[in-house]
Amino acid sequence: MSLMDWAKKADFDMIFKRYNVIIEGPAIKPEDDPDVKKVLPKDEPFKSLAMAVIFGDAEKAVQAAKSALDSGTPPLDVIEKGLSKGMDAVSALYAKAAYFLPDIMLSADAMTAAMALAEQKLGRAREKKGTVVSFVAEGDPHDIGKNLVVMFLKANGFEAVDLGRDVPDKEVIEAVKKYKPVMLTGTALMTTTMTAFPRVAKALQEQGVSVPVFGCGGGAVKRDFVESYDMGVYGVKAFHAPKLAEAALAGKSWKDIRKEYPKIVGEFVSEYADRM
Ligand code: B12
């Protein structure tokens, strides 16, 4: 068969699809995934915010956040009911290997870009109530939760000293000595890195330094783990952080805060259901 004859008979549509010259449709429709459906908000503007994070589209995430904030949606809702739900969906897709590392990096960037707008809107109270030192555990690059903690602390009038992510224990201890904070917060997303918390607590005690409360949170962390070392209080939501710091300022000890967590944060917290 001559090339011309072959070209007349060839199914170019099929060939183009086979070699990705044209695409049959979206490779994946995340919103149809049953685990995504469980967490995806149904109402606007939260659905668009979450979808922009799911698709790792920073431009759309920023647009959605801007229009939500402009139309009066509270910044906390933009974060908690929209962007964070998107990240929950991303986590579900990553867990079942439908998403890979590059996907979640794009989603993290989209969430971070949109969060910056919510932060501006939250504003920063002028009068400083006290100092809090925040860090992500040594070896851990996951800093979205810590950034939220810092953002809510600043918005509520605390001086937040942000040590960043992958912070060596030694730096945390030095910062506690230097700033004498009313609270120290630690975030860890990995089971291999959360072990920094008991190490830091122990080293502080050995060096005769203490903090009224050491709030510890992050995906990998559970309450019983945090309550296995002194000073540790398990932090559930980033926006609880200023309330915990306020309780410490009011003279509550870490032991009191452990016992009274739901009362202090003023809402039902399933992780503390036995202490309601
Ligand atoms: C985004 C993401 C990334 C991004 C992080 C970008 C960034 N700048 O943070 C990138 C792509 C870099 C990444 C990399 C990796 N990741 Co990752 N990642 C995630 C993912 C999908 C979401 C995490 C997230 O941001 N969640 C949203 C934030 C808001 O949640 P959060 O930090 O927990 O904070 C909330 C609360 O915990 C609370 N909180 C947190 N701290 C505190 C403190 C106080 C005081 C209070 C009150 C509250 C509080 O506030 C927030 C809610 O309001 C998770 C999946 C999951 N299920 O969590 C995996 C996950 C954490 N990653 C994981 C892994 C394994 C990795 C890699 C090692 C993968 C690899 N093979 O290379 C690498 C790390 C390599 C390295 N060591 O450098 C695992 C960890 C497993 C484990 N349990 O140990 C997870 C669980 C995925 C999985 N199911 O396997 N990752």
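Structure: see above.
Cut-offs applied
Residues numbered from 1 in each chain as written. Predicted model: local features only at pLDDT ≥ 70, side-chain atom pairs only at ≥ 80, totals over all residues. Heavy atoms only, no water. Helix = DSSP H or I, 4+ residues; strand = E, 2+ residues; numbered from the N terminus. Buried < 20%, exposed > 50% of the residue type's maximum accessible area, 1.4 Å probe, protein only. Contact = heavy atoms within 4.5 Å. Donors = N, O, S within 2.8 Å, 3.2 Å for Na, K, Ca; no water. Pairing = 2+ DSSP bridges. Right-handed = clockwise from strand over helix to strand, strands pointing away. Near = heavy atom within 4 Å. Polar contact = N/O pair within 3.5 Å; in protein donor to acceptor, adjacent residues only side chain to side chain. Nonpolar A, V, L, I, M, F, W, Y, C, P; charged D, E, K, R; others polar. Domains from an automatic or database assignment.

So, on to the overall build of the chain. Looking only at helices and strands, one finds 13 helices and 5 strands in the chain. Seen through its C-alpha atoms, the chain measures out along the principal axes to roughly 90 × 40 × 35 Å. When each of the 276 residues of the chain is scored for burial, the buried share is 45%. Taking contacts inside the chain between residues at least 6 apart in sequence as the whole, the part at least 24 apart equals 71%.

Counting protein donors to the cobalt atom of the ligand gives just one, His-142 (NE2), placed at 2.2 Å. With respect to the helices and strands, His-142 occurs in the loop between β1 (131–136) and α8 (144–155).

Attention now goes to helix α12 (residues 241–249). Within α12, the full set of buried residues consists of Ala-241, Pro-242, Leu-244, Ala-245, Ala-247 and Ala-248. Residues of α12 that are buried sit in contact with β1, α8, β3 (183–187) and α13 (254–265). Phi turns positive, to about 100°, at Gly-251, one or two residues after α12.

Attention now moves to the pairing of β3. With 5 of 5 residues buried, β3 is to be regarded as a mostly interior element. With 5 bridges connecting them, β1 and β3 associate as parallel partners. Bridge pairing links Ser-134 to Thr-185 in β3. A crossover links β3 with its parallel partner strand β4 (residues 214–217), the connecting element being helix α10 (residues 196–206), and its sense is right-handed.

Along the chain, Glu-44 connects to Pro-45 via a cis peptide bond; the corresponding omega equals 5°. Here Ala-97, not a glycine, exhibits a phi torsion of approximately 60°, which is positive. Assignment of secondary structure puts Ala-97 in the loop between α6 (75–95) and α7 (101–122). Here Ala-97 falls in the partly exposed class, since its relative accessible area comes to 47%. In this structure, Met-231 takes a positive phi of about 80° despite not being glycine. Looking at the secondary structure, you find Met-231 in the loop between α11 (223–226) and β5 (232–234). Judged by relative accessible area, Met-231 falls into the buried class, the value being 3%.

Taken together, 31 residues are adjacent to the ligand, and His-142, Asp-143, Thr-187, Gly-219 and Ala-238 come closest. Note that a nitrogen atom of the ligand is positioned 2.8 Å from one of the side-chain N or O atoms of His-142. A distance of 2.9 Å separates an oxygen atom of the ligand from a polar atom in the backbone of Ala-238. Listed by contribution, the elements that provide at least two residues to the shell around the ligand are α6, α7, α8, β3 and β4. Grouping the constituent residues of the shell around the ligand by class yields 14 nonpolar, 13 polar and 4 charged. The residue makeup of the shell around the ligand includes at least three contributed by each of domain 1 (12–122) and domain 2 (131–275).

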